[in-house]
Amino acid sequence: MPGLSPLQHMYLEHMGITRWVQRTAPAGPDPGSLPDRPAAVTVVGRTIADDPEWDRLQAEVAACTRCELHRGRTHTVFGAGDRKAGWMIIGEAPGAEEDRRGEPFVGRAGQLLNAMLEAMGLDRQQVFIANILKCRPPNNRDPVAGEVAACESHLQQQIKMIQPSLILVLGRIAAQNLLKVDSPLGRMRGKSWAWNGIPVVVTYHPAYLLRNPADKRKTWQDLQLALSLYPGSP
Ligand code: SF4
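How each quantity is defined
- Residues numbered from 1 in each chain as written.
- Predicted model: local features only at pLDDT ≥ 70, side-chain atom pairs only at ≥ 80, totals over all residues.
- Heavy atoms only, no water.
- Helix = DSSP H or I, 4+ residues; strand = E, 2+ residues; numbered from the N terminus.
- Buried < 20%, exposed > 50% of the residue type's maximum accessible area, 1.4 Å probe, protein only.
- Areas by Shrake-Rupley, 256 points an atom, 1.4 Å probe, with all protein chains shown as cover.
- Near = heavy atom within 4 Å.
- Nonpolar A, V, L, I, M, F, W, Y, C, P; charged D, E, K, R; others polar.
- Salt bridge = Lys/Arg side-chain N within 4 Å of Asp/Glu carboxyl O.
- Expected span 1.5 Å × (residues − 1).
- Pairing = 2+ DSSP bridges.
- Core = buried A, V, L, I, M, F, W, Y, C linked by side-chain atoms within 4.5 Å.
- Contact = heavy atoms within 4.5 Å.
- Polar contact = N/O pair within 3.5 Å; in protein donor to acceptor, adjacent residues only side chain to side chain.
- Phe/Tyr/Trp six-rings, centres within 6.5 Å; stacked < 30°, edge-to-face > 60°.

(A) Representation of the overall build of the chain. The secondary structure content of the chain amounts to eleven helices and six strands. Counting every position in the chain, which comprises 234 residues, the buried fraction comes to 51%. Only carbon and sulfur atoms are counted for the fraction: they give 51% of the accessible area of the chain, which is about 10800 Å².

Have a look at this one:
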């Protein structure tokens, strides 16, 4: 994979992309190739100053009883990362491990998300990761409309406070609820969307990719699209 740093090779291998390329397209163009994009992947860590509004929102979520999901939760999962990040990553809802730890995207899906970020030259500390819902739906079922409506203002406030330059949405449920569309994921990915003027790119959820590793190649294309849309990208 010409043009990639040894570190990017390593992360793409973690995503399983190198193996996919070697098996299916040994002589063709490299679908996982990543041009050097130092401007696009550079996210300057901004100082996390005390922010009473942010603390108020965090406390509000921790005490929230707006929907029935509060009854079964161990922890709310507010989100994690740099509250002034250029990149915001939005998934669907906490799973069992996230509920237990109060952190988004931990476990195997979280490790794959880390690899996806690292392949773009980012790490978890440089982005902010959140979900549509802050509490775990029982048995990891899809969120219902009432739950999404009840929780919506939490995420909206987070986005407005963070003011990311780009939002990467993981999975159909998160994309449909953020963008207010009912399209299948296949029609949402591969193009640029917007949320209140902020560019949005949709890709597969890492948990889906663990079950369907062949789609990691498409995910890599989505990540390249996101990189190309990030301000300062060459
Ligand atoms: S899912 Fe959202 S709205 Fe429902 S109780 Fe949890 S924080 Fe509140």
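(B) Main features of the site of the ligand. Around the ligand, the surrounding shell consists of Cys-64, Arg-66, Cys-67, His-70, Arg-73, Lys-134, Cys-135, Ala-150, Cys-151 and His-154. Its residues placed into classes, the shell around the ligand shows five nonpolar, two polar and three charged.

(C) Seen up close, the pattern of salt bridges. What the rule picks out here adds up to eleven salt bridges. Glu-97 is the salt-bridge partner of Arg-100, the closest N and O atoms lying 2.7 Å from each other. Remark: Glu-97 and Arg-100 occur in helix H5 (residues 96-101); sequence separation between them is three residues, near one turn of the helix. You can call Glu-97 partly exposed: its relative accessible area is 28%. Residues joined in a network through salt bridges with shared partners are Glu-53, Arg-56, Glu-60 and Arg-66.

(D) Representation of helix H11 (residues 216-229) in the model. Between its first and last C-alpha atoms H11 spans 20 Å; for 14 residues at 1.5 Å apiece the expected length is 20 Å, and the two agree. Taken residue by residue, H11 has Lys-216, Thr-219, Trp-220, Asp-222, Leu-223, Gln-224, Ala-226 and Leu-227 as its buried positions.

(E) How the structure looks around the pairing of strand E5 (residues 192-195). Here E5 runs beside strand E6 (residues 198-203); their pairing, made up of four bridges, is antiparallel. In the sheet register, Trp-193 faces E6, and the bridge partner there is Val-200. Hairpin connection of E5 to E6: two residues between the antiparallel strands, including Asn-196 at a positive phi of 50 degrees.

(F) Focus on the nonpolar core. Residues Trp-87, Met-88, Met-120, Ile-159, Ile-167 and Leu-178 are the most contacted members of the largest nonpolar core, which totals 57 residues. In terms of residues, this core owes the most to one element, helix H7 (residues 145-162), which gives seven residues. In this structure, Met-88 is in contact with Phe-128, Ala-130, Leu-155, Gln-158, Ile-159, Ile-162, Pro-164, Leu-166, Ile-167 and Leu-168, ignoring residues within four places of it in sequence.

(G) Region of the structure containing the side chain of Asp-82. Considering the arrangement of structural elements, one finds Asp-82 in the loop between strand E1 (80-81) and strand E2 (87-91). A polar atom in the side chain of Asp-82 sits 2.8 Å from the backbone nitrogen of Lys-84.

(H) Examining the environment of Glu-92 more closely. Secondary-structure assignment places Glu-92 in the loop between E2 and H5. For the pair formed by Glu-92 and Lys-134, sequence separation is 42 residues and the distance between their alpha carbons is 9.1 Å. In contact with Glu-92, other than residues within four places in its own chain, are Asn-131, Ile-132, Leu-133, Arg-141, Asp-142, Pro-143, Ile-173 and Ala-174.

(I) Representation of the pairing of E6 in the model. Burial analysis of E6 places five of its six residues in the buried class, which makes it a mostly covered element. With four bridges joining them, strand E4 (residues 166-170) and E6 adopt parallel strand pairing. Looking at E6, one finds that Ile-167 is bridged to Val-200.

(J) Looking closely at the packing of aromatic side chains. Throughout the structure, instances matching the rule amount to four aromatic pairs. Where Trp-54 meets Phe-78, the ring centres are 5.3 Å apart and the plane angle is 85 degrees; that geometry is what we call edge-to-face. In this pair, Trp-54 sits in helix H4 (residues 52-62) while Phe-78 sits in the loop between H4 and E1, placing the two residues 24 residues apart along the sequence. Pairing Tyr-204 with Tyr-208 gives two aromatic rings, centres 4.8 Å apart and planes at 15 degrees, and the pair type is stacked. A relative accessible area of 9% places Tyr-204 in the buried class. In textbook terms, an aromatic cluster arises when at least three aromatic residues are bridged by ring pairs, as seen for Trp-54, Phe-78 and Phe-128.

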